[in-house]
Amino acid sequence: MATVKVKYRPSIIADKEGVIYYQIIHKRVVRQIRTDYHIFKQEWDGRKSRVIIVIGNREEYLITVNKWIIRDVKRINFIIGMLESSVNEYLTDDIVEKYQDSIKEQSFYCLMDRVIAQLIRMNKDQTAANYTATLKSFMRFRNYNDVSLDEINSDLMVEYEAYLKGKGIVLNTVSFYMRILRAVYNRAVKNGLTEQHNPFKYVYTGIARTVKRALSLKDIKQIKNLDLSKKPTMDFARDMFMFSFYTRGMSFIDMAYLKKRNLHNGILSYYRRKTGQQMLIKWEKCMQDIIDKYSIVHSDYLLPIIKKSNGERQQYRNALHLINNKLKEISVLAGFETNLTMYVSRHSWASAAKNKNIPISIISEGMGHNSERITQIYLASLDTSLIDKANITIIEDLF
């Protein structure tokens, strides 16, 4: 059976740290696995092959290195045991290769990359973009140095939270990043890649109440009635804003991917790309007017946001950027203090429904709940005809 020994190689330069490595021996074949653990010569007990914990500034670091060594040796011995029980013959190189593969599995960055790739395959583009933004932020905090799953602890997360606040990041965004990192970490725990150490228990993962970005029905009506006939790009942006409002605040990414087949027998049926929840909306004349205005005969899409069969995600992003820029111009033209975005239409519908005393259970407090999970629970159990009646009530006030 193969054996593992912990070794120390001192630096050839005086007063410089040496490096710890693992020596794997199997059938007289010797291989080495280098680590990134650097200690001084006086911090190594060669007879007992262990780190000497010296009281002082490096004490905590040396204790941590000792834990890492125990973890690594345990992992190597596990691999050896697995090879012994599963194959008749194996080489020393097989042990090294499988250990290196396990290191990749332990990489937090690699794990996040795999999760992001899975989200893209599942067509959850916005969620993938959110995870990517979180990963980039965390990598900047780490100066692009990777971190293993076992190194994700409460101290690191507290430091990251302080880093974000120091950059002027608002509390809800801090929480947003933390909740994404927590979701990935919990996935690793579930898959047996690391033990649960509750690293997020001392950082903020709630949702702070913010000033609601909603317009009144009077403001929405003003946007609807603006004469933008000589400004076609602004006109298009306004129509997309209104379409979102008419369809109970449909998110722009769901609008972009609507297909003509989603509209059947007076019902618009689609699945939210963010949550996978099915949505059913009664089709109204104001919705059809916008579709007729931008009808593209040879396209499968309902709206002219995605126009080509390839590069859909980039087309969606480009269109969202253009529309939001034009909506800002419209907000100036209308004299609003709040900058218009596609998200404002979503929030405005929920606000309008609430102001008309429509029961909270019917509108699910859509964009006003502190927890989206509660919103999903409410919406999942509603009779969509009640929501359609609520939608008609709101639309009628615009005409």
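See the structure above.
Okay, so let's go over this structure.

Parameters and conventions
Residues numbered from 1 in each chain as written. Predicted model: local features only at pLDDT ≥ 70, side-chain atom pairs only at ≥ 80, totals over all residues. Heavy atoms only, no water. Salt bridge = Lys/Arg side-chain N within 4 Å of Asp/Glu carboxyl O. Helix = DSSP H or I, 4+ residues; strand = E, 2+ residues; numbered from the N terminus. Contact = heavy atoms within 4.5 Å. Buried < 20%, exposed > 50% of the residue type's maximum accessible area, 1.4 Å probe, protein only. Pairing = 2+ DSSP bridges. Expected span 1.5 Å × (residues − 1). Axes fitted to C-alpha atoms, helices over the stretch in contact; angles between N-to-C directions. Left-handed = near helix turned anticlockwise from the far one by under 90°. Nonpolar A, V, L, I, M, F, W, Y, C, P; charged D, E, K, R; others polar. Phe/Tyr/Trp six-rings, centres within 6.5 Å; stacked < 30°, edge-to-face > 60°. Lys NZ or Arg CZ within 6 Å of the ring centre and 35° of its normal. Core = buried A, V, L, I, M, F, W, Y, C linked by side-chain atoms within 4.5 Å.

Description of the pattern of salt bridges
Think of it this way: side chains of opposite charge can pair up when their charged atoms draw near. Counting across every chain of the model gives 16 salt bridges. Via salt bridges that share partners, R71, D72, R75 and D150 belong to a single interconnected network.

Here we look at the environment of Y185
Relative to the elements of secondary structure, Y185 occurs in helix α6 (residues 171–190). Remark: the alpha-carbon pair of Y185 and D227, spanning 42 residues in sequence, is separated by 51 Å. Not counting residues within four places of it along the chain, the set of residues in contact with Y185 comprises F108, L149, I152, T194, E195, Q196, H197, N198, P199 and F200.

Some thoughts on the pairing of strand β2 (residues 18–26)
Consecutive residues of a regular strand have side chains that alternate between opposite faces of the sheet. Among the 9 residues of β2, 8 are classified as buried, and the element is accordingly described as predominantly covered. Of the pairings in the sheet, the one linking strand β1 (residues 3–9) to β2 comprises 7 bridges and is antiparallel in character. Within β2, the position partnered with T3 by the bridge is I25. Both β2 and strand β3 (residues 29–39) contribute to a ladder of 8 bridges, which runs antiparallel.

Some thoughts on helix α12 (residues 342–355)
The end-to-end C-alpha separation of α12 is 20 Å, in line with the 20 Å expected for 14 residues at 1.5 Å each. Burial analysis of α12 places 10 of its 14 residues in the buried class, the great majority of the element. The complete set of buried residues in α12 reads M342, V344, S345, R346, H347, S348, W349, A350, A352 and A353. Residue N357 follows α12 closely and has a positive phi angle near 60°.

Structural notes on the side chain of S299
Checked against the element boundaries, S299 lands in the loop between α10 (285–293) and α11 (312–334). Setting aside its immediate chain neighbours within four residues, S299 contacts K260 and I306.

Let's talk about the packing of helix α8 (residues 232–246) against α10
For the pair α8 and α10, interaxial distance at closest approach is 10 Å and the crossing angle is 150°. At the point where α8 passes α10, the crossing takes the left-handed sense. Contacts from D235, D239, M240, M242, F243 and Y246 in α8 reach C286, M287, I290, I291 and K293 in α10. For the contact of α8 with α10, the class distribution of residues is 8 nonpolar, no polar and 3 charged.

Some points on the packing of aromatic side chains
What the rule picks out here adds up to 13 aromatic pairs. For the ring pair F176 and Y177, a centre distance of 6.3 Å and an interplane angle of 45° mean the geometry is tilted. Between F236 and Y294 the ring centres are 5.2 Å apart and the planes differ by 75°, which places this aromatic pair in the edge-to-face class. Taken together, the residues span a long stretch of sequence, with F236 in helix α8 and Y294 in the loop between α10 and α11 at a distance of 58 residues. Note on accessibility: F236 and Y294 belong to one class, buried. Put simply, the rings of F108, F138, F141, Y160 and Y163 pair up and form one aromatic cluster. Seen from the ring of Y301, K259 lies directly overhead, with NZ or CZ sitting 4.9 Å from the centre. Taking NZ or CZ as reference, R273 lies 3.7 Å from the ring centre of Y257, over its face.

Structural notes on the sheet that holds β3
A sheet is described by the order of its strands in space; here 3 strands give the open sequence β1-β2-β3, paired in antiparallel fashion. The open sheet is flanked by β1 and β3, the only strands paired with a single partner. With strand direction ignored, the average angle separating the axes of adjacent strands in the sheet is 25°. Lying over the sheet, helix α1 (residues 59–86) contacts β1, β2 and β3, oriented at roughly 155° with respect to β3.

Here's the deal with the nonpolar core
Core analysis: the largest hydrophobic core is formed by 56 residues, its most contacted members being M240, F241, F243, Y246, M255, I305 and L340. Here the element with the most residues in this core is α8; it accounts for 9 residues. When neighbours within four sequence positions are excluded, I305 is seen to be in contact with F236, M240, F252, M255, A256, Q315, Y316 and A319. Judged by nonpolar contacts, the second largest core, of 30 residues, contains I116, A128, F141 and L164.

Points about the sheet that holds strand β7 (residues 267–271)
Note: strands within a sheet are paired through backbone hydrogen bonds, in either parallel or antiparallel orientation. Pairing is antiparallel across the open sheet formed by 3 strands, whose spatial order is β6-β7-β8. Strands at the two margins of the open sheet, each flanked by one partner only, are β6 (263–264) and β8 (278–282). Pairing of β6 with β7 involves 2 bridges; the strand directions are antiparallel. Paired with L263 across the bridge in β7 is L268.

As far as function goes, none of this settles anything; it's purely spatial.
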